[in-house]
Amino acid sequence: MKEEVFIGGWTRGKLRERSQNERHAVWKRAKALHSAEGNHLARAIELLGLPYAEPEPLPADDPLAAHMREIMASPAARAAAVEATLDGLPAMAGIDTLMHESLGERYRLNPAAAPTAEAMTAELMSSLGYAPAGRKNLPARHVARSGVVWKRT
């Protein structure tokens, strides 16, 4: 018996193999299609019984969050965020690379780490006088899949 194939070639088996963040991205794209096929895929993800929602940021007292705050307070974090912005990328592209280099698997394997880094990046960019100007996908080599594009106010 063949497994049902959804729009984009997704099957329940392929969806089960994906991480929570990846399932969330597929679910979000499917909902954004505003089509019967997209809604059918989104509903299949919901019925899998596996987590697919975007994880909440880490609690403030989490040791990983504390280490991430230390990194974000560094001049290197400010430079990475501004450089990515000047290159036309989300500031998160610079921060994501910095976090992954500094924290390794603790950052990459924790589903709440990227949303935490994104929230911290938003605070940093706002404090530097930037305003959000939309979202953009990050290159595939990053842990985070997308981020906010910032412009100078």
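Residues numbered from 1 in each chain as written. Predicted model: local features only at pLDDT ≥ 70, side-chain atom pairs only at ≥ 80, totals over all residues. Heavy atoms only, no water.

## Things to note about the pattern of salt bridges
Okay, so step 1: The tally for this structure, following the rule as stated, stands at four salt bridges.
Okay, so step 2: Between Arg43 and Glu46 there is a salt bridge, with its nearest N and O atoms 3.3 Å apart. Of the two residues, Arg43 and Glu46 are both situated in helix H3 (residues 36-47); the distance of three residues between them amounts to about one turn of the helix.
Okay, so step 3: Judged by relative accessible area, which is 25%, Glu46 ranks as partly exposed.
Okay, so step 4: Between Arg135 and Glu118 there is a salt bridge; the shortest N-O distance is 2.8 Å. With Arg135 in strand E1 (residues 130-137) and Glu118 in helix H8 (residues 113-127), this pair connects stretches of sequence that are 17 residues apart. (Salt bridge = Lys/Arg side-chain N within 4 Å of Asp/Glu carboxyl O. Helix = DSSP H or I, 4+ residues; strand = E, 2+ residues; numbered from the N terminus. Buried < 20%, exposed > 50% of the residue type's maximum accessible area, 1.4 Å probe, protein only.)

## Regarding the pairing of strand E2 (residues 146-152)
Regular strands show a simple pattern: their side chains alternate between the two faces of the sheet.
Okay, so step 1: With five of seven residues buried, E2 lies mostly within the body of the structure.
Okay, so step 2: Where E1 meets E2, six bridges bridge the pair, whose relative direction is antiparallel. Following the sheet pairing, Pro132 is matched in E2 by Trp150. (Pairing = 2+ DSSP bridges.)

## A word on H3
Okay, so step 1: A rise of 1.5 Å per residue sets the reference length of H3, with its 12 residues, at 16 Å; its end C-alpha atoms lie 16 Å apart and thus fit the reference within 8%.
Okay, so step 2: Those residues of H3 lying buried are Gly38, Leu41, Ala42, Ala44 and Ile45. Relative to the axis of H3, the buried residues are bounded by an arc of 155° and lie together on one face. Exposed side of H3, more than 90 degrees from the buried face: Ala36 and Leu47 are the residues found there. (Expected span 1.5 Å × (residues − 1). Arc of directions from axis to C-beta.)

## Remarks on the packing of helix H4 (residues 63-72) against H8
Okay, so step 1: In contact at an axis separation of 11 Å, H4 and H8 are set at 35° when each is read in the N-to-C sense. Two packed elements cross with a definite hand, and for H4 against H8 that hand is right-handed. From H4, Leu64, Ala65, Met68, Arg69 and Met72 reach across to H8, where they touch Ala113, Thr116, Ala117, Met120, Thr121 and Leu124.
Okay, so step 2: Grouping the constituent residues of the contact of H4 with H8 by class yields eight nonpolar, two polar and one charged. (Axes fitted to C-alpha atoms, helices over the stretch in contact; angles between N-to-C directions. Left-handed = near helix turned anticlockwise from the far one by under 90°. Contact = heavy atoms within 4.5 Å. Nonpolar A, V, L, I, M, F, W, Y, C, P; charged D, E, K, R; others polar.)

## Some details on the packing of aromatic side chains
Okay, so step 1: Under the counting rule described, the total for this entry stands at one aromatic pair.
Okay, so step 2: Centroid distance Trp27 to Tyr52: 5.4 Å. Interplanar angle 50°. Geometry classified as tilted. Taken together, the residues span a long stretch of sequence, with Trp27 in helix H2 (residues 20-32) and Tyr52 in the loop between H3 and H4 at a distance of 25 residues. (Phe/Tyr/Trp six-rings, centres within 6.5 Å; stacked < 30°, edge-to-face > 60°.)

## Some remarks on the side chain of Asp96
Okay, so step 1: Looking at the secondary structure, you find Asp96 in helix H6 (residues 91-103).
Okay, so step 2: An unpaired buried charge is present at Asp96: no salt bridge exists, and Arg145, the closest side chain of opposite charge, is 7.4 Å distant.
Okay, so step 3: A distance of 2.8 Å separates a polar side-chain atom of Asp96 from the backbone nitrogen of Val143.
Okay, so step 4: In this view, Asp96 contacts Tyr107, His142, Val143 and Ala144; residues no more than four positions away in its chain are not counted. (Lys, Arg positive; Asp, Glu negative; His and termini not counted. Polar contact = N/O pair within 3.5 Å; in protein donor to acceptor, adjacent residues only side chain to side chain.)

## A closer look at unusual backbone geometry
Okay, so step 1: Phi at His34 is positive, roughly 55°, even though this residue is not glycine.
Okay, so step 2: Inspection of the secondary structure puts His34 in the loop between H2 and H3.
Okay, so step 3: Of the residues examined, His34 reaches a relative accessible area of 70% and is grouped as exposed.

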